[in-house]
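Geometric and topological summary
Spelled out from the first residue to the last, the chains are:
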Amino acid sequence: MSLQQYLDTHKERFLEELLDLLRIPSVSADPAFKDDVAKTAEFVKDKLVQAGADNVEICKTKGHPIVYGEKIIDSSLPTVLVYGHYDVQPPDPLDLWESGPFDPVIKKTKLHPEGAIYARGSCDDKGQAYMHIKAFEGMLATDSLPCNIKFMIEGEEEVGSVHLGQFCEENKEKLACDVILVSDTSIIANDTPSITVGLRGLSYIEVEVTGPNRDLHSGVYGGAVANPINVLAKMIASLQDENNHITIPGFYDDVLVVSDDERKQMNKAPFSLDDYKNDLDIGDVHGEKGYTTLERTSIRPTLDCNGIWGGYIGDGAKTVLPSKAYAKISMRLVPNQSSDKITELFQKHFENTAPASVKVKVSPHHGGEAAVTPTDTPEYQAAYKAMEKTFGKAPIPARSGGSIPIVALFEKVLGVKTVLMGFGLNSDAIHSPNEHYGLFNYYKGIETIPYFFQYYRELKK
Ligand code: BES
Ligand code: MN
Ligand code: MN
């Protein structure tokens, strides 16, 4: 049987298995789901074993486990390490889901006329990671695996891959490979394939602003004592100027300037501002002056408030001048900016600009560095040819605004480059209610991956 025949014959089962995987709520951020996360690792392990991988194991960490497996067919052949994550973002707000986040259903949409799987993790990243296990199963079953393969599927990506760096340090030999292959990003559209050549870094901070030592009556004290919510709102607003430039001193110092030529090139990628606005139901876009939407979401650093709370938010009105206010703030970073340095600059600036009427506490969360991948490498060329083959169209190199901090770490610790061959769409609502993943995309991924292996073996020589 040819590989294509094998994939066609087992199509339905490939989907059923993914749906089973999506039913386990592997929310890494919430300790209440710890057992489910462990169950998901077991599921992935079993599927790797069934597909024919050797030395499959669940590697314990101080947090959630990492699933490892391999098939070494000939040590003289190149080795591809497949990285993915089986953990998912929390599903809330639950009431905005049209079906249960862990009760996958298939629905047709305008962008997914063949149907899309609705479930948390369908696209990010269970669906995309599972494509690799099925492609591997197919290659092995039809005796057409062209390279050695290693799998490392982790359970903490959505909480910053906190233990993966140490795992890589301690297992350099086990993880030795020629390239890392990741499907955890998107393509421009189903008729416009693209390969991700850049990811942004991240600095994530939580701030606490304290005014008076207790909640106060807003009539008795209001007007005379600083309200920490008012102060925090002003402080956040002042982090950007009228051109939406970030005002933190030194913030842009290390930003690599992208050449006019490269900017011209990247703006040639198909993009409709009207479709973009319609999809989001917004009257206009917003962002740093002098840059296009494509640039604002890829080559420029940004600052966003992710959450803000404090005071009374229950029913009705309670007149209160609260003692405390909080916010979570993220900054997306670009190549050459250091996450630690930016976190420090933020902290200093926030402390320096706080009025004497409040105290501020700044607590850094996880962060990570940006990454760029070159296009003149065998791995990029292999991904390019594979996509060209299965989409019938040459893929476009595109930088993404998202972050996968482990990519920079792989290069630092293992000395290995990553190729980002993802198959999601930006409109698939990852991290949002009603996340979905197209059946077209799932099967296209399973079909394309074996070509990557074939071309990589040819080009790597
Ligand atoms: N798969 C995403 C990153 C992504 C999404 C890259 C779309 C490109 C296009 C990943 O799971 C993710 O969500 N990363 C986090 C960072 C992490 C440290 C929590 C992110 O980008 O917010
Ligand atoms: Mn992901
Ligand atoms: Mn994610």
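Criteria and thresholds
- Residues numbered from 1 in each chain as written.
- Chains lettered and ligands numbered in written order.
- Predicted model: local features only at pLDDT ≥ 70, side-chain atom pairs only at ≥ 80, totals over all residues.
- Heavy atoms only, no water.
- Helix = DSSP H or I, 4+ residues; strand = E, 2+ residues; numbered from the N terminus.
- Pairing = 2+ DSSP bridges.
- Axes fitted to C-alpha atoms, helices over the stretch in contact; angles between N-to-C directions.
- Contact = heavy atoms within 4.5 Å.
- Donors = N, O, S within 2.8 Å, 3.2 Å for Na, K, Ca; no water.
- Tetrahedral: all angles 85-135°; square planar, octahedral: opposite > 155°, others 65-115°.
- Expected span 1.5 Å × (residues − 1).
- Buried < 20%, exposed > 50% of the residue type's maximum accessible area, 1.4 Å probe, protein only.

Cis geometry marks the peptide bond from Asp92 to Pro93; its omega dihedral reads 5°. Turning to its location among the elements, Pro93 is positioned in the loop between strand E3 (79-85) and strand E4 (105-107). Omega for the peptide link from Asp124 to Asp125 comes to 0°, which places this bond in the cis form. Mapped onto the fold, Asp125 is located in the loop between strand E5 (116-118) and helix H4 (126-141).

Further remarks concern the sheet that holds strand E12 (residues 302-310). Strand order in this open sheet of 4 strands is E12-E14-E10-E15, and the pairing throughout is antiparallel. In the strand order of this sheet, the two ends are held by E12 and strand E15 (359-368), each with one partner. Within this sheet the neighbouring strands show an average axis-to-axis angle of 15°, counted without direction. Pairing of strand E10 (residues 201-210) with E15 involves 8 bridges; the strand directions are antiparallel. Each residue of the ladder has a partner; that of Leu202, found in E15, is Gly368. Each of E10, E12, strand E14 (324-333) and E15 is contacted by helix H6 (residues 228-237), which is oriented at about 15° to E14, the strand it contacts most.

Further remarks concern the coordination of the manganese ion (ligand 3). The manganese ion (ligand 3) binds to the protein through Asp124 (OD), Glu158 (OE), Glu158 (OE) and His431 (NE2); the donor distances cover 2.0 to 2.5 Å. Around the manganese ion (ligand 3), the 6 donor atoms sit at angles spanning 56 to 155°, and that spread fits a shape best called irregular. Look at where the donors of the manganese ion (ligand 3) fall in the sequence and you get D-x33-E-x272-H. The metal-metal distance between the manganese ion (ligand 3) and the manganese ion (ligand 2) comes to 3.6 Å, with Asp124 coordinating both. Placement of Asp124 in the loop between E5 and H4 and of His431 in the loop between strand E19 (424-425) and strand E20 (436-438) is noted, with a sequence separation of 307 residues between them.

On to helix H2 (residues 11-23), then. Look at H2: 19 Å from first C-alpha to last across 13 residues, which is about the 18 Å you get at 1.5 Å a residue. Phe14, Leu15, Glu17, Leu18, Leu19, Leu21 and Leu22 are the residues of H2 that are buried.

To continue, consider the environment of Ile73. Examined against the element boundaries, Ile73 turns out to sit in the loop between strand E2 (66-71) and E3. On the basis of relative accessible area, Ile73 is assigned to the partly exposed category, the value being 39%. Sequence separation between Ile73 and Leu202 is 129 residues; the distance between their C-alpha atoms is 38 Å. What Ile73 contacts, discounting residues up to four positions off in sequence, is Leu145, Pro146, Cys147 and Asn148.

The next subject is the coordination of the manganese ion (ligand 2). Protein coordination at the manganese ion (ligand 2): the donors are His85 (NE2), Asp124 (OD), Asp184 (OD) and Asp184 (OD), at 2.0 to 2.4 Å from the metal. Geometry at the manganese ion (ligand 2) is irregular, judged from its 6 donor atoms and the angles of 57 to 167° they form at the metal. Donor residues for the manganese ion (ligand 2) sit on one chain with the sequence pattern H-x38-D-x59-D. For Asp184, a relative accessible area of 12% translates into the label buried.

The next subject is the sheet that holds E20. Judged by pairing direction, the sheet is antiparallel, and its 3 strands sit side by side in the order E4-E5-E20 without closing on themselves. The outermost strands of the open sheet, each flanked by one partner alone, are E4 and E20. Mean inter-strand twist for the sheet, computed between neighbouring axes without regard to direction, equals 30°. Two elements, E4 and E5, share 3 bridges in a ladder whose sense is antiparallel. Following the sheet pairing, Val105 is matched in E5 by Tyr118. On top of the sheet, helix H13 (residues 439-460) reaches E4, E5 and E20; it is set at about 60° to E20, its chief contact.

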